[in-house]
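Residue-level structural notes
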Amino acid sequence: MPTDFPHIVAQGVNGVVVRFSDRLSEAGNRATLAFRDAVEAADLPGIEECDSALGSVLVRFDPVLVPYDDVVQTLRGLLQQTDFYAAQLPPDRRLWRIPAVFGGVYGPNLDDAADRAGITRKQAIHDLTSSRLRVLALGFAPGQPYLGELPETWDFPRLKELIDVPEGAIAAAIRQLVLFANDSPTGWAHVGQTAFRCFRPEDIRSIPLAPGDEVQFKAIAPEDFEELRESDPLGGGATFEMLP
Amino acid sequence: MTRAIKVLRAGPQMTVQDLGRPGFLSVGLSRGGAADRLAIAEGAALLGQPFDCAALEMAGSGGEFEGTEPIRFALTGAPMRARIDGRDLMWNASHTLEPGERLGIGPALSGSYGYLSVAGGFDTPVIMGSRAAHLMARIGTRIGQGDALPIGPDPDPARGAKTLDVEDRFKGGTVRVVPGAQTGLFSVEDRARLAETDFTRSPRGNRQGVRFDFDGPPFGADGLRMVLSEMIVPGDIQMTGEGAPFVLLPECQTTGGYPRIGSVLPQDLPIVAQAAPGAPLRFSFLSLDEARALYEDETTSFRAIAAQVRPLVRDPREMADLLSFELISGVTAGQCHDEEGDTR
């Protein structure tokens, strides 16, 4: 496999992967989002779907309409036109503020996570609420964000054993947080809880978050959390504003 | 009462399915839709209606149904014993259910997923462009006893009963695989071994994917290289932590970190989905060039199926309308639903 990035590889009979990074990086993620937008804007013949993951883009094409070699050549042309690692983030990004309760029954692995990060519980909650985290990608389950990156101390691996977390759970590992769209087994450390629903199939905007958005959690008391869960069952008290 | 089918009895995993909702991978929603897409196309072809009409997918076992008015229907996918009031019905064929009659569909004789399509399609709510239940995403529900499923208007009420010859894709076999972006993470030996091993469909499988069991050491990617999660799609063969192949199906997750040794050709995926627990399976590698030469887009394949539909021959003495019997079948153009959720 080539080691220089970005590189292009076939995936199945009608797919092409354009990989910007094989490890999580801010620039690689930004390049991924910008390249997806560039492919969509170019409106290329025979291209059916273009989707971004954390550090790669999957382009699906119709081999009857356009041969693989032509797709690769076109994508290579796009890559040469622009330095995607220096690209801007997508337009119309939102900054979300989402209330959350940390520790205790709402985040049973918080103390463990703080230990692994080598910080106090207080510092852990500070880290989790003071940083504006980017939605790096949505995936695994509908609307479920990978948020990053936390300070370097949070670069600890996933748990050895799987635990069960409820919908709305905040879980940490490898400098990222996942905000769970569903009740789910996971190897990530469950540190907090929101009443934010990541997937609302009946809603006009069924997926509220978009890659490139930013999220900041706001620590609240358990009683306030329970009240929000009742009064705002979809959003859990979340608000957003457009980023400039 | 509007045109509907009432469910008097239902197997444990019965859902409304169509061809799913493409285009939402970036937001974490896999396409979903019927486990055996060919069966949906066959049902539409038999009834003379668009391929995007929704049908009932019955996993393992069927159920018992009653109609509110005469309803043309088709039976496709994994063959199951089907009867109307004690009269045996041919599978891969269309029939009519009269009010007051009961349609009983038994367990699968081979394969996993049987389909009941109705003329006009099931008119259940359209969510994000599709009626397909995606239980992993919590879209739609299982269909159970007591449910009444609304049906759209019949596009061609005078159309006679039809049948279709279908190749047996319900007992496993050999599926063709192309290398992918991560095939290089596996050793040449393991890639060769994959193609030489006799696999059996594990009891562990559902609409997300199926695992295949085998004798021999686990398959493993070289070293402990971390793979940054990438997009995964139905047909991809993930090597799980246990080193056994897991072939992804319509309700798979959208991103995955397990290395993928290759991808099953889309046209062979129904064989994987239909393999019942214990069914034998082999993987055979094709080069990308070979696979591309075989590629046919789905709509073209579906149209070819529709062209093979022929009248279900009955006793001519029962056929009062013999002279007007439609001998050339066609599939109507257009869509089974528009954005308002209308059926025509």
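1. Quick word on the overall build of chain B
Broken down by element type, chain B carries five helices and 22 strands. Per-residue burial over chain B gives 49% buried out of 344 residues. Long-range contacts, defined as pairs at least 24 residues apart, comprise 79% of the intrachain contacts of chain B with a sequence gap of at least 6.

2. Re the sheet that holds strand β17 (residues 236-239) of chain B
Residue and element names in this part refer to chain B. The sheet built from seven strands closes into a barrel, its strands ordered β13-β20-β17-β18-β15-β14-β21 with mixed pairing. Neighbour to neighbour, the strand axes of the sheet diverge by 40 degrees on average, direction disregarded. Summarising the sheet, strand β14 (residues 199-206) and strand β15 (residues 209-213) pair through four bridges and their orientation is antiparallel. Looking at the pairing, arginine 201 lines up with phenylalanine 212 of β15. Against the sheet, helix α2 (residues 188-196) engages β20 (260-264) and β21 (280-285), with an angle of about 135 degrees to β21.

3. Some thoughts on the interface of chain A and chain B
Bring the parts together and some accessible area is lost; that lost area is often taken as the interface size. The interface is formed by 35 residues belonging to chain A together with 31 residues belonging to chain B. For the side of chain A that touches chain B, the element with the most residues is strand β3 (residues 47-52) of chain A, which contributes three residues. Grouping the amino acids of the side of chain A that touches chain B by side-chain chemistry returns 19 nonpolar, 11 polar and five charged.

4. Quick notes on the nonpolar core
Of all hydrophobic cores here, the largest spans 159 residues; its most connected members are A:Val59 and A:Ala171. Top contributing element to this core by residue count: helix α1 (residues 37-47) of chain B, with eight residues. Apart from the residues lying within four places of it in its own chain, the contact partners of A:Val59 are A:Gly15, A:Val16, A:Val18, A:Val39, A:Ile47, A:Cys50, A:Val71 and A:Leu75.

5. Quick word on the sheet that holds strand β9 (residues 103-108) of chain B
All names here are of chain B. One open sheet accounts for six strands, arranged β7-β6-β9-β4-β1-β11; its pairing is antiparallel. Among the strands making up the open sheet, the edge pair consists of β7 (87-88) and β11 (148-150). Bridge count for strand β1 (residues 4-10) against β11 is three bridges, and the pairing is antiparallel. Residue pairing across strands places lysine 6 opposite alanine 148, the latter belonging to β11.

6. As for the domain arrangement of chain A
Residues and elements named next belong to chain A. Here the domain parsing of chain A yields domain 1 (7-86) and domain 2 (94-242). One C-alpha centre belongs to domain 1, the other to domain 2, and the line joining them spans 30 Å. Between domain 1 and domain 2, the residue contacts involve seven residues of the former and eight residues of the latter. When its residues are assigned to classes, the side of domain 1 that touches domain 2 shows four nonpolar, two polar and one charged.

7. Brief notes about the packing of α1(B) against helix α5 (residues 298-306) of chain B
Residues and elements named next belong to chain B. Between α1 and α5, the shortest axis-to-axis distance is 9 Å and the interhelical angle comes to 45 degrees. Judged on the interaxial angle alone, α5 and α1 are oblique. Once α1 is placed against α5, the crossing between them reads as right-handed. For the pair α1 and α5, contact is made by Ala41, Glu42 and Ala45 and by Phe302, Ile305 and Ala306, respectively.

8. Let's talk about the environment of B:Ser30
Residue and element names in this part refer to chain B. Position of serine 30 among the secondary structure elements: in the loop between β2 (14-17) and α1. For serine 30, a count of 30 C-beta atoms within 10 Å gives the class buried. Among all residues touching serine 30, those that are not within four sequence positions of it are Leu25, Pro250, Glu251, Cys252, Gln253 and Thr254.

9. Details of the pairing of strand β5 (residues 94-102) of chain A
Residue and element names in this part refer to chain A. Sheet topology places β5 next to strand β14 (residues 239-242); four bridges connect them, and they run antiparallel. Bridging from a neighbouring strand, tryptophan 96 pairs with phenylalanine 240 of β14. Sheet analysis places β5 next to strand β13 (residues 214-219), joined by six bridges and oriented parallel. Residue leucine 95 lies in a different strand from β13, and its bridge partner there is glutamate 214.

The rules behind the values
Residues numbered from 1 in each chain as written. Chains lettered and ligands numbered in written order. Predicted model: local features only at pLDDT ≥ 70, side-chain atom pairs only at ≥ 80, totals over all residues. Helix = DSSP H or I, 4+ residues; strand = E, 2+ residues; numbered from the N terminus. Buried ≥ 20, exposed ≤ 12 C-beta atoms within 10 Å, placed from the backbone. Contact = placed C-beta atoms within 7 Å. Pairing = 2+ DSSP bridges. Axes fitted to C-alpha atoms, helices over the stretch in contact; angles between N-to-C directions. Nonpolar A, V, L, I, M, F, W, Y, C, P; charged D, E, K, R; others polar. Core = buried A, V, L, I, M, F, W, Y, C linked by C-beta atoms within 7 Å. Domains from an automatic or database assignment. Parallel < 35°, antiparallel > 145°, perpendicular 65-115°, else oblique. Left-handed = near helix turned anticlockwise from the far one by under 90°.

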